[in-house]
Amino acid sequence: MKKISLIFTALLAVAFSLTGCQKDPEVVSLMGKTMGTTYHIKYIDDGSLNLDKDKTHAKIEMVLKDVNAKMSTYDKNSELSRFNQFTEINQPVAISSDLAKVIGEAIRLNKVTEGALDVTVGPVVNLWGFGPEKHPERKPTAEQLAKRQAWVGIEKLKLTQRDGIFYLEKSVPQLYVDLSSIAKGFGVDLVAETLEHIGAKHYMVEIGGEIRAKGKNIEGKDWQIAIEKPSFDGSRSVEQVIGLKDLAMATSGNYRIYFEENGQRFAHEIDPKTGYPIQHHLASITVLHPNSMTADGLSTGLFVLGEEKALAVAEKEQIPVYLIIKTENGFETKMSSTFSALLNQ
């Protein structure tokens, strides 16, 4: 009996010791700048994580710096910029697996979006003044557009793999790849993976509006993410709030970046088939997907398609999308059947 009592006393001491070491869950917030924009990260620390806040932040900064070094078009020394400056045609250039992953997904999504997502449209985007060249805000001439359109086309870009090494080549010297429509999403995914490696089970990562969330927030609810109501006067308000769990979310719209000439508005989203800014009535589209890179690319491509084609593709591919459409009487909303199902869960 005494032996049992001693064992019981020892077990109580161990239990008390473990309880004393446990930490109340708290929200850790990190922020910074990357890819020409800002990032905001929140995760729940319950005391079981492998790294403290400062070391986690430093690791995330390294991850994002590496993405910039590979995919930035604003850094002339980045891996992507070096490829863009390379003018030899049909000459394979060895590239990193990260760059190959993003370009491979961009090529796949080009087909899904019926050619609307085209990462080679950069020369035309630059001509309109929405890229690194920063031209004066003016409408290009037909001759200027025709010249640049001849450099555009995903079929002019070839990605191959041999003996575990990825290669990229171009069929026209001026081919220019711009991954701004998908690279931020890739960065979000890498940050999410970094958080999971340190043991985080509940987190929300946002880079320039691209978001990925897992688990629950500190209140035990799905992460509450707002879809912004479009506005052309600079004001900001919420259209819809959704509970995001184990999903990524990306939104594309044309109501913030544009210029006007002779009373006509030219938005920053360019239709790669025409070379002109899109002219349809879709104000914004929000896409949900398990990974942020795909959501990011899809939101751009589907937005370029316009409301009718975007919804048709979304239904065909079972993509959750939420559309805000400009009408004569204001804005109206539509959603795909898969988005509606998620909203009603």
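This write-up is about the structure you can find in this document. (Residues numbered from 1 in each chain as written. Predicted model: local features only at pLDDT ≥ 70, side-chain atom pairs only at ≥ 80, totals over all residues. Heavy atoms only, no water.)

### A short note on the overall build of the chain
For the chain, the helix and strand inventory stands at ten helices and 15 strands. Across the 345 residues of the chain, 47% fall into the buried class. Of the contacts formed within the chain by residues at least 6 apart in sequence, a portion of 61% connects residues at least 24 apart. Surface summary for the chain: the accessible area is close to 17700 Å², and the carbon and sulfur share equals 52%. (Helix = DSSP H or I, 4+ residues; strand = E, 2+ residues; numbered from the N terminus. Buried < 20%, exposed > 50% of the residue type's maximum accessible area, 1.4 Å probe, protein only. Contact = heavy atoms within 4.5 Å. Areas by Shrake-Rupley, 256 points an atom, 1.4 Å probe, with all protein chains shown as cover.)

### Considering unusual backbone geometry
Even without being a glycine, Asp163 presents a positive backbone phi close to 55 degrees. For Asp163, the position within the fold is in the loop between β4 (157-162) and β5 (165-170). Non-glycine residue Gln318 carries a positive phi angle of around 55 degrees. With respect to the secondary-structure elements, Gln318 resides in the loop between α9 (307-317) and β14 (321-327). Exposure remark for Gln318: the relative accessible area of 61% places this residue in the exposed category.

### Regarding the nonpolar core
Membership of the largest hydrophobic core comes to 45 residues, with the highest contact counts inside it found for Met71, Leu157, Leu179, Ile285, Leu302, Val321 and Leu323. Elements with a minimum of two residues in this core: α2 (53-71), α3 (79-85), α4 (97-112), α7 (183-197), β13 (282-289), α8 (292-305), α9 and β14. Per-element tally for this core: the top contributor is α4, with seven residues. What Leu157 contacts, discounting residues up to four positions off in sequence, is Phe83, Ile103, Thr120, Leu168, Glu169, Leu175 and Val177. (Core = buried A, V, L, I, M, F, W, Y, C linked by side-chain atoms within 4.5 Å.)

### Focus: the pattern of salt bridges
A side chain with one charge may pair with a side chain of the opposite charge, provided their charged atoms come close. In total, this model carries nine salt bridges according to the counting rule given. For the salt bridge of Lys229 with Glu239, the shortest nitrogen-to-oxygen distance reads 3.0 Å. Of the two residues, Lys229 sits in the loop between β8 (223-228) and β9 (238-244) while Glu239 sits in strand β9, which places them ten residues apart along the sequence. Looking at Glu239, the relative accessible area reads 23%, which means it is partly exposed. (Salt bridge = Lys/Arg side-chain N within 4 Å of Asp/Glu carboxyl O.)

### Quick notes on α7
The end-to-end C-alpha distance of α7 is 21 Å, a good match for the 21 Å that 15 residues give at a rise of 1.5 Å each. Of all 15 residues in α7, twelve are buried; the element is thus mostly enclosed. Restricting attention to buried positions, one finds in α7 the residues Ala183, Lys184, Gly185, Phe186, Gly187, Val188, Asp189, Leu190, Val191, Ala192, Thr194 and Leu195. Those residues of α7 that are buried are in contact with β2 (37-45), α2, α4, β6 (203-207), β7 (210-214) and α8. The positive-phi residue at the C-terminal boundary of α7 is Gly199, with phi of around 100 degrees. (Expected span 1.5 Å × (residues − 1).)

### Points about the pairing of strand β10 (residues 247-253)
Among the seven residues in β10, six count as buried, and that is most of the element. The sheet contact formed by β7 and β10 spans three bridges and is antiparallel. Directly across from Arg212, in β10, lies its bridge partner Ala248. Strand direction decides the pairing type here: β10 and β13, joined by six bridges, are antiparallel. The residue of β13 that forms the bridge with Thr251 is Thr286. (Pairing = 2+ DSSP bridges.)

### A closer look at the sheet that holds strand β1 (residues 26-34)
As summarised here, the arrangement of the eight strands in space is β1-β2-β6-β7-β10-β13-β14-β15, forming an open sheet in which the pairing is antiparallel. The open sheet has two edge strands with one neighbour each: β1 and β15 (330-335). The sheet shows a mean angle of 15 degrees between the axes of neighbouring strands, taken without regard to direction. As paired strands, β14 and β15 are joined by six bridges and run antiparallel to one another. (Axes fitted to C-alpha atoms, helices over the stretch in contact; angles between N-to-C directions.)

### Observations concerning the packing of aromatic side chains
Centre-to-centre distance and the angle between the planes together describe a pair of aromatic rings. Enumeration over the complete set of coordinates arrives at two aromatic pairs. Judged by centre distance (5.4 Å) and plane angle (40 degrees), the rings of Tyr322 and Phe339 are tilted. One end of the pair, Tyr322, is in strand β14; the other, Phe339, is in helix α10 (residues 337-343), and 17 residues separate them in sequence. Phe339 gets classed as buried once you look at its relative accessible area, which sits at 2%. Of note, Arg162 hangs over the ring of Tyr167, and the distance from its end group to the ring centre comes to 4.5 Å. Across from the ring centre of Phe83, 4.6 Å away, lies the NZ or CZ of Lys170, which sits over that ring. (Phe/Tyr/Trp six-rings, centres within 6.5 Å; stacked < 30°, edge-to-face > 60°. Lys NZ or Arg CZ within 6 Å of the ring centre and 35° of its normal.)

### Some words on the sheet that holds strand β3 (residues 93-95)
In sheet architecture, strand pairing relies on hydrogen bonds along the backbone and comes in two forms, parallel and antiparallel. Strand order in this open sheet of three strands is β3-β5-β4, and the pairing throughout is antiparallel. Two strands bound the open sheet, and with one partner strand each, they are β3 and β4. Taken over all neighbouring pairs, the strand axes of this sheet differ in orientation by 35 degrees on average, direction set aside. Here β3 runs beside β5; their pairing, made up of three bridges, is antiparallel. What sits directly across from Ile95, in β5, is Phe166.

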